[in-house]
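Each chain is listed here by its residues.
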2 protein chains.
Amino acid sequence: MPPRMRSGGRLVVIGGDAAGMSAASRARRLRPDVEIVVLERGDIVSYGACSLPYYIAGEVESRDDLIVHDADFFRRERHIDVRIRTEAVELRPRERTVVCRTELGEESLTYDALILATGASAVRPPLPGVDLPGVHTLRTVPDGDAIRDRLAELGADVAAHGAVRATIVGGGYIGLEMAEALVARNARVTIIELLPHVLATLDPDMSDLVVRELLDRQVIVRTETGVEAFEPGDDGSVGWVLADGQRLATDIALVAVGVRPNVDLAKKAGIDLGRTGAIAVDPRQITSEPMVLAAGDCAESPHIVSGRSTWVPLGTTANKQGRIAGENAVGGDIRFAGVAGTNVTKVFGLTVAQTGLSTAGAEGEGLAPDSVRITASTRSHAYPGGGRISVKLVFDPGTGRLLGGQLVGVEGVAKRIDTLATALAAKMDVRDLAGVDMSYAPPFAPVWDPLLIAANQAVKKLSRERVV
Amino acid sequence: MPPRMRSGGRLVVIGGDAAGMSAASRARRLRPDVEIVVLERGDIVSYGACSLPYYIAGEVESRDDLIVHDADFFRRERHIDVRIRTEAVELRPRERTVVCRTELGEESLTYDALILATGASAVRPPLPGVDLPGVHTLRTVPDGDAIRDRLAELGADVAAHGAVRATIVGGGYIGLEMAEALVARNARVTIIELLPHVLATLDPDMSDLVVRELLDRQVIVRTETGVEAFEPGDDGSVGWVLADGQRLATDIALVAVGVRPNVDLAKKAGIDLGRTGAIAVDPRQITSEPMVLAAGDCAESPHIVSGRSTWVPLGTTANKQGRIAGENAVGGDIRFAGVAGTNVTKVFGLTVAQTGLSTAGAEGEGLAPDSVRITASTRSHAYPGGGRISVKLVFDPGTGRLLGGQLVGVEGVAKRIDTLATALAAKMDVRDLAGVDMSYAPPFAPVWDPLLIAANQAVKKLSRERVV
């Protein structure tokens, strides 16, 4: 059961980004009569990390646009005691106390309920030279500022070798979004990926479509390539990346090999971590300590397809879990529906989206999935414009149950994936999906929506033996 | 049970558009060993009626683009005996015979199974002057040609009064799409609608958003206005429209007051019509005569929300029903999942979409629905471009079950409606919808998708009495 909060009780939230501020705001809305304190170790609360690549590209012009609301807004409008530059250094669940450190020293704070919203941090592998100036990660607004500053510095030198040479280590979503951002800033970009394919959450037959787009945009993609070190150039900042024995001249390097949940505080407090290494929570976001909840990138989520705990650190989940944790921390009783791992990203002229399990992901869960892949037009054949969209559906060959979907196309991808996410939430099989009354008008779809074409293909595979 | 077709048996399909050609093609794919005859009274088979407004606007440049495959293609590639300019004039189910008429005379054709795919026709109300040159309907390719020809004729005269004056009678989807098409052809457009609101299938709070867009584009919208007559101008073609006692100068008039199913042949053959006036069919598309199936705009469909028979003449349904009828006519056994009435249209800079029941529609079914309406951004607040999208959800206040949804916005509408159509197919309630893991990236959506914002509002309304 969620904790019951007495009037005048205190909720402490650790972390002031999406999950933390959603939790604090939700708690405040439900309970004007409790004290709410947010501890944020940085300077900034409530920022949009997902917009950082567009900030670097220059599409998001102002740094202010990245910040949804500043700390003053929460203090003034929502009566939330937001304390920036305040780091929670120790959590003592038995005493219901959190120790926090500021420039002025340490302070103990008691709580009636506490929410861990400590987020995740960019992984910085311990490679030689990884701390050289010009070797960046991208997770926070200051990270974004540093990359912008570096690009501005380099601007003056560009004439020397024609363009800024950028090396991106890691071909995941951030790596690919940053490839586009850096090309927009006129850089020559090389992506180095250790695995055989970029976008490893997609199946290779789909990620290959994205590689083609990268190559078309003059981005060099080197897969199955390990980075060994960063070496300084003449000015002391990064000048070379060593990868599989080769030295690549580099003016700026981005390490985008993933993130890991910030769980040190929880771990030291004896709070259980889950199989993924993130904080284990029940559907009400409650941890192994009954008065401690967790939400966002530091916490696990139940996967609606596999049924197992998973760790999918995304803004959507952080906002939802934060809202649920905030409600439950002050006496509510609501549950998180779980994640399908739905995501979407723009890679130059393509949009790439995914929900549920890939073929490889389903195999990893011990299933023996079947799949279909089709390519169709995004508009009626008569209507000008548009282009191609590829749809992959992964399903159980015995029951026909939909397990996941992947889309790559020039338009109509981002919200088409939600149809599949909804089908997963409803545990539909591919026959059900083939029966959905989807919309059609020439500017937006062919009369058989690409999802229906794919679903019909899957049905055909299921019923291949059936005599008609 | 669907009819069983002997090898060498004959399937006759009456009507060569979406439903008819889908049926014939599907039957051929499953059964290379049967004879398939399609009777089409016109010249053209397999055309895209939904693209006609874009053909008139000039966006679809070539008439050939409207035609998916011509009759020769079906004869040559699919061995389907397509007979154009051949009208079925009498159906005798007991004798399994259809009488058809060509220029050469009448012929009787026996069948083992028959599919009625006779479509629907534009309603031409018996108003004085409705047959004047320059008074058009838009349903077929020749209709589109006639409008293009009229506009070309008028082109020369434009200098006289600045622009072609077009009057559209009827503010439904075709009327609004044609308003955009005629504005694209530099016409000054007036829409006259008898009802208090255009797009009567939407609730007024949503259709009002569309009216605003029409007015912004200089289209005059006159609601609650009845047309009394068309009067000739000096050249003998339409010159005036009489509406509520006023005379509107008009160079071209489009009557777009709806369509009616072509059921005369079925009716005379003693085949049952349903409550909507279209042909009654079971889920296998079989009519009251066991060897006669019906599909497309001439047939009813089960509505997945109301559970009742409905008549929603749309290309998507025609294709699906045709496919099912074609399969079942030759020995298959598949069922149509039903319709939600999902539709989408582009009205200048807005996209308008709908699925399931509106508030008025639900009330018409004897329900007492509740609803929410929200307006949100189509992109992350940081990301440039985009605009507003309005979402209306209609739901049952007792159970929370989703009954329908309406969307009006500048982008991301067409395929977002499919999420709601999928939720309706799965009989989700608004809590389930609020739990769907929808996609987010700054170029495509805010972190809380507008559908989730609306679903959360609906949940809040449901649980207003709940103590937290």
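Cut-off values and rules
Residues numbered from 1 in each chain as written. Chains lettered and ligands numbered in written order. Predicted model: local features only at pLDDT ≥ 70, side-chain atom pairs only at ≥ 80, totals over all residues. Heavy atoms only, no water. Least-squares fit on C-alpha atoms with pLDDT ≥ 70 in both. Contact = heavy atoms within 4.5 Å. Domains from an automatic or database assignment. Salt bridge = Lys/Arg side-chain N within 4 Å of Asp/Glu carboxyl O. Polar contact = N/O pair within 3.5 Å; in protein donor to acceptor, adjacent residues only side chain to side chain. Pairing = 2+ DSSP bridges. Helix = DSSP H or I, 4+ residues; strand = E, 2+ residues; numbered from the N terminus. Axes fitted to C-alpha atoms, helices over the stretch in contact; angles between N-to-C directions. Core = buried A, V, L, I, M, F, W, Y, C linked by side-chain atoms within 4.5 Å. Buried < 20%, exposed > 50% of the residue type's maximum accessible area, 1.4 Å probe, protein only. Left-handed = near helix turned anticlockwise from the far one by under 90°. Nonpolar A, V, L, I, M, F, W, Y, C, P; charged D, E, K, R; others polar.

This part covers the relation of the copies chain B and chain A. Structural alignment of chain B on chain A gives an RMSD of 0.0 Å, achieved by rotating through 180 degrees and translating 0.0 Å along the axis. In symmetry terms, the pair is related by a two-fold rotation axis. It is Thr419(B) whose C-alpha, among those of chain B, lies nearest the rotation axis, at 2.2 Å. Of the interface residues in chain B, 100% have counterparts in chain A that sit at the interface too, so the contact is made through matching surfaces.

Turning our eyes to something else, we now look at the domain arrangement of chain A. Quite often, the size of an interface is put as the accessible area lost when its parts meet. All names here are of chain A. Structurally, chain A comprises domain 1 (10-42 + 49-121 + 260-329), domain 2 (135-257) and domain 3 (350-463). Distance between the C-alpha centres of domain 1 and domain 3: 35 Å. Of the residues lining the interface, 6 residues belong to domain 1; the matching set on domain 3 comes to 8 residues. The tally of links between domain 1 and domain 3 comes to 1 salt bridge. Note that Glu365 is salt-bridged to Arg308, the shortest N-O span being 3.0 Å. Where domain 1 touches domain 3, the interface holds 2 residue pairs in polar contact (both at pLDDT 80 or more).

Before going further, it helps to spend a moment on the sheet that holds strand S18 (residues 292-294) of chain B. The strands making up a sheet associate through backbone hydrogen bonding, with each pair oriented either parallel or antiparallel. Residues and elements named next belong to chain B. What the 5 strands build is an open sheet, ordered S3-S2-S1-S7-S18; its pairing is parallel. Looking at which strands have only one partner, the edges of the open sheet turn out to be strand S3 (81-83) and S18. Along the sheet, successive strands turn relative to each other by an average axial angle of 20 degrees, direction set aside. Relative to strand S2 (residues 35-39), strand S1 (residues 10-14) runs parallel, the two being bridged by 5 bridges. Bridge pairing in S2 places Val13 opposite Val38. Each of S1, strand S7 (113-116) and S18 is contacted by helix H9 (residues 315-329), which is oriented at about 170 degrees to S7, the strand it contacts most.

Counting 47 residues, the largest nonpolar core has Met178(B) and Val189(B) as the members making the most contacts within it. For this core, the secondary structure elements donating two or more residues are helix H2 (52-57), helix H4 (141-155), strand S10 (165-169), helix H6 (173-184), strand S11 (188-192), helix H7 (204-216), strand S16 (252-255) and strand S22 (350-356) of chain B. In terms of residue count, H6(B) provides more of this core than any other element does, 6 residues in total. Membership of the second largest hydrophobic core comes to 46 residues, among which are Ile147(A), Ile191(A), Leu214(A) and Ala256(A).

Here the focus is the packing of helix H1 (residues 18-30) of chain B against H9(B). Residue and element names in this part refer to chain B. Contact pair H1 / H9: the axes reach a minimum separation of 7 Å and the direction vectors enclose 35 degrees. For the pair H1 and H9, the sense of crossing is right-handed. Taken together, the residues of H9 that come into contact with H1 (itself represented by Ala18, Ala19, Ser22, Ala23, Arg26, Ala27 and Leu30) are Ala318, Asn319, Gly322, Arg323, Gly326 and Glu327. Partitioned by chemical class, the residues of the contact of H1 with H9 number 6 nonpolar, 4 polar and 3 charged.

With that out of the way, let us pick up the side chain of Asn328(A). Relative to the assigned elements, Asn328(A) resides in helix H9 (residues 315-329). In terms of polar contacts, Asn328(A) uses its side chain to reach the backbone carbonyl oxygen of Arg284(A), at 3.1 Å.

What follows is about the sheet that holds strand S12 (residues 220-222) of chain B. Residues and elements named next belong to chain B. Here 5 strands make up an open sheet; going across it, the order is S9-S16-S10-S11-S12 and the pairing parallel. Each of the sheet's edge strands pairs with one partner strand only, and the pair in question is strand S9 (135-136) and S12. Here S11 runs beside S12; their pairing, made up of 3 bridges, is parallel. Looking across to S12, one finds that Ile192 is bridged to Arg222.

This brings us to the pattern of salt bridges. Inspection of every chain in the model, using the stated rule, returns 63 salt bridges over all chains. The partner of Arg26(B) in a salt bridge is Glu327(B), with the nearest N and O atoms 2.9 Å apart. With Arg26(B) in helix H1 and Glu327(B) in helix H9, this pair connects stretches of sequence that are 301 residues apart. Considered together, Arg26(B) and Glu327(B) belong to a single accessibility category, that of buried residues. Linked through salt bridges whose partners overlap, the residues forming this network are Asp203(A), Asp205(A), Arg373(A) and Lys392(A).

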